[in-house]
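Analysis of the macromolecular model
One-letter residues, chain by chain:
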Amino acid sequence: MNRQAHAPAEFAPAVQRTRPVATGHWRAFLAVARHLNFRAAADELALTQSAVSRQIQALEDEVGVALFLRHTRAVELTGAGAQLQRAVAPALERMDTAVRLVRQTAGRRSVAITTWASFASMWLIPRMEAFQRDNPGIDIRIDASDVPVDLETSDVDLALRYSLPGPGTQGGQRLFGEQLAVVASPWLLKSGKPLRTPADVAQFTLIEAGDAHRSQHLEWLSWRRWFDARDLAKLQPERWLYFNYAHQIVQAALAGQGLALARMPLIADALASGDLVEVLPDHRIDSPLAYWLLVGPRSAQRPEIKAFCAWLEIQAQATREAIGDVPDPDLNDNLD
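Residues numbered from 1 in each chain as written. Predicted model: local features only at pLDDT ≥ 70, side-chain atom pairs only at ≥ 80, totals over all residues. Heavy atoms only, no water.

Points about the overall build of the protein chain
- A tally of helices and strands in the protein chain yields 10 helices and 11 strands.
- When burial is assessed residue by residue, the protein chain has 41% of its 336 residues classed as buried.
- For the protein chain, contacts bridging at least 24 residues in sequence account for 76% of all contacts bridging at least 6.
- Accessible surface computed for the protein chain: about 18600 Å², of which carbon and sulfur atoms make up 52%. (Helix = DSSP H or I, 4+ residues; strand = E, 2+ residues; numbered from the N terminus. Buried < 20%, exposed > 50% of the residue type's maximum accessible area, 1.4 Å probe, protein only. Contact = heavy atoms within 4.5 Å. Areas by Shrake-Rupley, 256 points an atom, 1.4 Å probe, with all protein chains shown as cover.)

A closer look at the pattern of salt bridges
- Counting across every chain of the model gives 14 salt bridges.
- For the salt bridge of D269 with R127, the shortest nitrogen-to-oxygen distance reads 3.3 Å. With D269 in helix 9 (residues 264–273) and R127 in helix 5 (residues 117–134), this residue pair connects regions lying 142 residues apart in the sequence.
- D269 sits in the partly exposed class, given a relative accessible area of 42%.
- Looking at R127, the relative accessible area reads 11%, which means it is buried.
- Two residues, E238 and K193, come together in a salt bridge whose shortest N-O distance is 3.2 Å. With E238 in the loop between helix 7 (223–228) and strand 8 (239–243) and K193 in the loop between strand 6 (173–184) and strand 7 (205–209), the pair connects residues that are 45 residues apart, well separated along the chain.
- A relative accessible area of 41% places E238 in the partly exposed class.
- We classify K193 as partly exposed; its relative accessible area is 33%.
- By sharing partners, the salt bridges in this structure join E129, R133 and D134 into a single network. (Salt bridge = Lys/Arg side-chain N within 4 Å of Asp/Glu carboxyl O.)

Focus on helix 10 (residues 303–323)
- With 21 residues, helix 10 extends 30 Å between its outermost C-alpha atoms, agreeing within 8% with the 30 Å of an ideal straight helix rising 1.5 Å per residue.
- Looking only at helix 10, the buried set comprises E304, I305, F308, C309, W311, L312, Q315, A316, T319, R320 and I323.
- At the C-terminal side of helix 10, G324 shows a positive phi close to 70°. (Expected span 1.5 Å × (residues − 1).)

Thoughts on the side chain of S287
- You can see S287 is positioned in strand 11 (residues 285–295).
- Residue class for S287 comes out buried when judged on its relative accessible area of 12%.
- Reaching out from S287, the side chain makes a polar contact with the side chain of E178 at a distance of 3.1 Å.
- Separated by 3.1 Å, the side chain of S287 and the backbone nitrogen of L289 make a polar contact.
- With residues near it in sequence (within four places) discarded, S287 still touches Y162, E178 and L221. (Polar contact = N/O pair within 3.5 Å; in protein donor to acceptor, adjacent residues only side chain to side chain.)

Thoughts on the nonpolar core
- One finds V201, L259 and F308 to be the most contacted residues of the largest nonpolar core, which totals 64 residues.
- Other than its neighbours up to four places away in sequence, F308 contacts V111, I113, L124, M128, F131, I140 and L158.
- Core analysis: the next-biggest nonpolar cluster, separate from the first, contains 19 residues, W26, A28, V75 and L77 among them. (Core = buried A, V, L, I, M, F, W, Y, C linked by side-chain atoms within 4.5 Å.)

Observations concerning the side chain of Q315
- Counting through the fold element by element, Q315 comes out in helix 10.
- For Q315, a relative accessible area of 17% corresponds to the buried category.
- Setting aside chain neighbours within four positions, we find Q315 in contact with W123 and R127.

Details of helix 2 (residues 38–45)
- Turning to helix 2, its buried residues number three or more, namely F38, A41 and A42. Along the axis of helix 2, the buried positions cluster into a sector of 100°, meaning they face one direction only. In helix 2, the exposed positions angled more than 90 degrees off the buried face are occupied by R39 and D43.
- Its side-chain oxygen at 2.9 Å from the backbone nitrogen of R39, N37 defines the N-terminal cap of helix 2.
- Downstream of helix 2 by one or two residues, A46 has phi in the positive range, about 60°. (Arc of directions from axis to C-beta.)

Topic: unusual backbone geometry
- Non-glycine residue L36 carries a positive phi angle of around 50°.
- Here L36 shows up in the loop between helix 1 (23–35) and helix 2.
- Of note in the backbone geometry, A46 takes a positive phi value of approximately 60° without being a glycine.
- Mapped onto the elements of the fold, A46 is located in the loop between helix 2 and helix 3 (49–63).

Details of the pairing of strand 9 (residues 259–263)
- Burial within strand 9 is extensive, with 5 of its 5 residues counted as buried.
- The side-chain alternation of strand 9 yields two buried faces, one formed by L259, L261 and R263 and the other by A260 and A262.
- As paired strands, strand 6 and strand 9 are joined by 4 bridges and run antiparallel to one another. Each bridged residue has a counterpart across the sheet, and for V183 the counterpart in strand 9 is A260.
- Relative to strand 9, strand 7 runs parallel, the two being bridged by 2 bridges. When the bridges of strand 9 are listed, L206 appears paired with L259. (Pairing = 2+ DSSP bridges.)

Any link to function would need more than the numbers given here.
Written as structure tokens, this is what we have:
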């Protein structure tokens, strides 16, 4: 009796195939690979054993190699079969998970927001509890990224952006502008070093964005601009401490690691709570940058979007009052 493994007929080295393989073939393949038994796989899939066998044969024809060795009473994965199992199993699981999530959220009201990480963590997220409490039937998805999202083509409803007024803010609503203030933790100020004049900041570590001098956008936020406005162009601090993001700069200031030139809208809450202290309050500097709300054209009329925008305007008004922001009417394009 021949006890050697039996493989399917020879696979021609044949022309390389590029068409996609049917998902059903992959599901049959994974079932057989799990059970190493065609009958058990057929029971799992609620198919006949011959139907499963035909799907595996079709898959092997598509791939061009044998995926299983058929023994007399057992099935064994070939090397190619094991390689495909490792790749295909997680991919199908991710797809199934995505389908489950889509089914769970189908018919639910939701608001998808794109903004950047520092604004999300320092301004938006701390306020979200109030909206969720008053609107329990609305789901919120926040996509925090520095890459601008096209509201015309994406599935995002709202964009919260930080920008000069221009083409990127056309049709948007200006939420608030900003000033920059010198801030520190209360216990850093207890170090005994004097901090009464602008030149005194040189006795401290100064914290700023690591790429502040690489773009005109961030140049407005730099200590060097603050120095120049006070005729201190040659001033050098005790040391510099650089970070990539605004929330990292503020976190370092909260930890007492130095003085930060921080954006008022993002630190208003920390100032109100006393976690940060504004030093040299007569030496704020204005920034031409502002914070904007833009609504996707396909989302504007949905009730949940209108509810979120109304809530956002209330929050923005509170921030304007907290920082003393009086916007230029020419820059305030309200949404219809």
